[in-house]
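A look at the structure
Given next are the chains, with one letter for each unit.
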Amino acid sequence: MNGHKKEQRPRRTVFRLAATLSIVCVSVAFAVDPASHDIRPGYGVTETRWLSDYLPELANTSGDTPIYMMRGESEGGTLLLLGGTHANEIAGVMAATLVVERGAVSQGTVIVIPHTNNSAAQYNDGTRHPGTPDWIELTTSSGEKRQFRYGSRLTAMEDQDPDPGMFVHPLGGEIPGQEARNLNRNHPGKAHGTLTEQISYALFQLAAQEGVDVVIDMHESSTTSRLAYMLVCHQRAMEIGAMATLDLEMDGIALKQEVSREEFRGLSHREFGDHTDAFAFLVETPNPGQEDAIEHPDVVNDPEAPLSGRVHTHLRTVKAILDNYGFTVGPDGKIELGYPFSLDALKGNDLGTFLR
Ligand SMILES: [Zn+2]
């Protein structure tokens with residue numbers, strides 16, 4: 001077999017080279033570099049991948065995004081942790097970034113995507129509060145200033161076909177057309193759909209291929225929304241969610257708990273719970289940048305809801321969910337994620353000093 005292959009090789013190489021050149025020429029014309037971000041993987045990251053590893057069509061599009069794999073020394077369960085499903089909800093983005101930079105996994109696997117909808121990360125969709133910035137700046141303990149994008153709720157308009165009059169989810173429900181660009185209305189996505197549907201589809205491919213057991217999607221709402229400080233749980237995840245909220249309450253974090261509603265299709269907690277074996281959760285902290293009543297929101301240092309406090313709420317909730325997931329599945333299935341500092345130290349301190 002080998003000898004036969006060798007004889008054929010020179011001719012095939014010529015054909016392959018010609019084919020490759022024509023592909024390169026075509027893809028140079030249309031290739032898009034996905035937005036890049038200042039993320040500095042720490043000791044806990046064992047491998048970096050791309051979302052396009054799970055759906056090759058996403059490569060060279062603004063929907064591609066880095067994925068950070070954090071494998072512990074011992075086997076256990078697998079967490080998929082999502083930030084930036086909505087790119088203006090920066091506490092989720094920064095909580096995921098902090099896990100990548102400082103987190104350590106001793107058991108199981110944690111898969112982190114800080115910019116889940118990367119098309120939305122460098123986009124201002126015009127519905128954002130006028131006072132919100134395009135970037136936030138955080139100062140590290142060495143005095144370095146680092147910048148992080150403040151994006152939008154929706155996929156950039158130029159990245160997909162014009163919005164339909166109404167967006168009809170394949171599993172039911174009709175919502176305003178612009179929601180066709182809302183990643184958290186498009187799950188479980190489509191392989192050959194819009195960019196937003198492809199991002200979703202790739203996430204579901206990842207969940208299947210990596211055997212994801214827990215999905216946590218980190219969001220923010222306006223400060224006065226009923227969603228602020230909410231933990232939304234798929235019905236199979238309600239018991240773990242209830243135990244987690246009790247733990248958090250004893251720690252001074254009052255999260256409300258809500259079950260994912262059957263009739264609202266396309267949301268991560270609904271569709272990951274329905275289409276995978278994972279326990280699916282969505283966490284909401286209050287972001288002053290989403291509050292219309294606040295004219296010049298300070299999305300980092302707001303005295304009522306500082307970014308470090310919101311990141312604390314997210315990461316403390318992740319811990320409470322993982323602890324109680326561990327009680328449910330037993331010692332062999334646990335997922336242990338830790339930090340070289342106490343999470344409580346985030347409260348009242350500058351987030352930048354915890355980054356690398
Ligand atoms: Zn959101």
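Values in this document were obtained by computation on a predicted structure and should not be read as measured data.

**Observations concerning the nonpolar core**
Side chains of a nonpolar character, in soluble globular proteins, are inclined to be buried together. Counting 82 residues, the largest nonpolar core has Leu81, Ile216 and Phe281 as its most contacted members. For this core, the element with the highest residue contribution is helix H2 (residues 90-102), accounting for nine residues. Excluding anything up to four places from it in sequence, Leu81 contacts Ala96, Val99, Val110, Ile111, Val112, Ile216 and Val318.

**Details of unusual backbone geometry**
The general pattern is negative phi for most residues beyond glycine and trans for most peptide bonds. Pro188 follows His187 through a cis peptide bond whose omega is 5°. Along the chain, the position of Pro188 falls in the loop between strand E8 (174-176) and helix H4 (195-209). The phi dihedral of Asn60 is positive, around 60°, even though this residue is not glycine. If you trace the backbone, Asn60 turns up in the loop between strand E1 (47-50) and strand E2 (66-71). With 16 C-beta atoms packed within 10 Å, Asn60 lands in the partly exposed category. The residue Tyr229 is not glycine, and still its phi comes out positive at about 55°. When the 20 C-beta atoms within 10 Å are taken as the criterion, Tyr229 is described as buried.

**A few points about the packing of H2 against helix H7 (residues 307-329)**
Between H2 and H7, the shortest axis-to-axis distance is 9 Å and the interhelical angle comes to 65°. By the angle between their axes, H2 is roughly perpendicular relative to H7. Seen along the crossing, H2 lies across H7 with a hand that is right-handed. On H7, the residues that touch Ile90, Ala91, Gly92, Met94, Ala95 and Leu98 of H2 are Leu307, Arg310, Val311, His314 and Leu315. Here the contact of H2 with H7 is built from residues that sort into eight nonpolar, two polar and one charged.

**Some words on the packing of helix H5 (residues 238-250) against H7**
The interhelical angle for the contact between H5 and H7, taken along N-to-C directions, is 130°, at an axis separation of 8 Å. Viewed along their axes, H5 and H7 adopt a mutual orientation that is oblique. When the axes of H5 and H7 are compared, the crossing they make is right-handed. The residues of H7 that touch H5, namely those facing Ile240, Met243, Ala244, Asp247 and Leu248, are Arg316, Thr317, Ala320, Ile321, Asp323, Asn324, Tyr325 and Thr328. Of the residues in the contact of H5 with H7, the class split is seven nonpolar, three polar and three charged.

**Re the pairing of strand E12 (residues 279-286)**
For E12, the tally of buried residues reaches eight of eight residues, placing the bulk of the element in the interior. Residues of E12 alternate between two faces, with Phe279, Phe281, Val283 and Thr285 on one and Ala280, Leu282, Glu284 and Pro286 on the opposite face, all of them buried. As defined by bridge partners, strand E9 (residues 214-221) adjoins E12 across eight bridges and the pair is classed as parallel. Opposite Val215, over in E12, you have Ala280 as the bridge partner. Inspection of the sheet shows strand E10 (residues 230-233) paired to E12 by four bridges, in the antiparallel sense. In the sheet register, Val232 faces E12, and the bridge partner there is Leu282.

**Let's talk about the domain arrangement of the chain**
Here the chain is described as being made up of domain 1 (1-31) and domain 2 (32-354). Centre-to-centre, using C-alpha coordinates, domain 1 lies 40 Å away from domain 2.

**Considerations on helix H6 (residues 268-275)**
The buried count for H6 comes to six of eight residues, which makes it a mostly enclosed element. Close packing links the buried residues of H6 with H4, E9, E10 and E12.

**Quick look at the environment of Ala228**
For Ala228, the location among the structural elements is in the loop between E9 and E10. For Ala228, a count of 20 C-beta atoms within 10 Å gives the class buried. Expressed as a C-alpha distance, the spacing of Ala228 and Val283, which sit 55 residues apart in the sequence, is 8.8 Å. With sequence-adjacent residues up to four places away left out, Ala228 is seen in contact with Ser221, Thr223, Glu284, Thr285 and Pro286.

Calculation criteria
Residues numbered from 1 in each chain as written. Predicted model: local features only at pLDDT ≥ 70, side-chain atom pairs only at ≥ 80, totals over all residues. Core = buried A, V, L, I, M, F, W, Y, C linked by C-beta atoms within 7 Å. Buried ≥ 20, exposed ≤ 12 C-beta atoms within 10 Å, placed from the backbone. Helix = DSSP H or I, 4+ residues; strand = E, 2+ residues; numbered from the N terminus. Contact = placed C-beta atoms within 7 Å. Axes fitted to C-alpha atoms, helices over the stretch in contact; angles between N-to-C directions. Parallel < 35°, antiparallel > 145°, perpendicular 65-115°, else oblique. Left-handed = near helix turned anticlockwise from the far one by under 90°. Nonpolar A, V, L, I, M, F, W, Y, C, P; charged D, E, K, R; others polar. Pairing = 2+ DSSP bridges. Domains from an automatic or database assignment.

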